[in-house]
Amino acid sequence: MIHWNSLAEFLAMGRHGLYVWGSLLVMALLMVAEPTLLLRGRKKLVARLRRQYRAEAAERGQARAGDRSMANGSND
């Protein structure tokens, strides 16, 4: 078991402190970044799918209107 006599010794981690605390910092940043990036990506995907759905619905509406005008014998 390791015992430290002071906070400075604990932070130095036997001269491995930079590696230990740097690794901990990188891990913490990644744990925050991953869900943030996933949420941002999900929002972009949902927005893109909504735009696509509206565009396809508009195309279907135009196709139906064209079908009706042809059935009525109208030449637009």
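Look up a bit, the structure's there.
Source: prediction; values computed, not measured.

(A) Structural view of the overall build of the protein chain. When its secondary structure is counted, the protein chain shows two helices and zero strands. Scaling as 2.2 N^0.38, a compact globule of 76 residues should have a C-alpha radius of gyration of about 11 Å, whereas the protein chain reaches 30 Å, well beyond that. Based on the C-alpha atoms only, the size of the protein chain along its principal axes is roughly 95 × 15 × 15 Å. The buried share of the protein chain, taken over its 76 residues, is 3%. Approximately 7200 Å² of the protein chain is accessible, and the part contributed by carbon and sulfur atoms is 63%. Taken as two groups, the 12 positive and 6 negative side-chain charges of the protein chain have centres that lie 5 Å from each other.

(B) Seen up close, the packing of aromatic side chains. Summed over the entire model, instances satisfying the criterion amount to one aromatic pair. Ring geometry for Phe 10 versus Trp 21: centroids 5.7 Å apart, planes at 65 degrees, classification edge-to-face. With Phe 10 in helix α1 (residues 7-12) and Trp 21 in helix α2 (residues 17-71), this pair connects stretches of sequence that are 11 residues apart. Its relative accessible area of 31% is what places Trp 21 among the partly exposed residues.

(C) Highlighting unusual backbone geometry. Positive phi outside glycine occurs at Met 13, with the angle close to 50 degrees. Along the chain, Met 13 turns up in the loop between α1 and α2. Although it is not a glycine, Arg 15 adopts a positive phi angle of roughly 70 degrees. Assignment of secondary structure puts Arg 15 in the loop between α1 and α2. The exposed category is assigned to Arg 15, whose relative accessible area is 81%.

Rules used in this analysis
- Residues numbered from 1 in each chain as written.
- Predicted model: local features only at pLDDT ≥ 70, side-chain atom pairs only at ≥ 80, totals over all residues.
- Heavy atoms only, no water.
- Helix = DSSP H or I, 4+ residues; strand = E, 2+ residues; numbered from the N terminus.
- Rg over C-alpha atoms; globule rule 2.2 N^0.38 Å.
- Buried < 20%, exposed > 50% of the residue type's maximum accessible area, 1.4 Å probe, protein only.
- Areas by Shrake-Rupley, 256 points an atom, 1.4 Å probe, with all protein chains shown as cover.
- Lys, Arg positive; Asp, Glu negative; His and termini not counted.
- Charge placed at Lys NZ, Arg CZ, Asp CG, Glu CD.
- Phe/Tyr/Trp six-rings, centres within 6.5 Å; stacked < 30°, edge-to-face > 60°.

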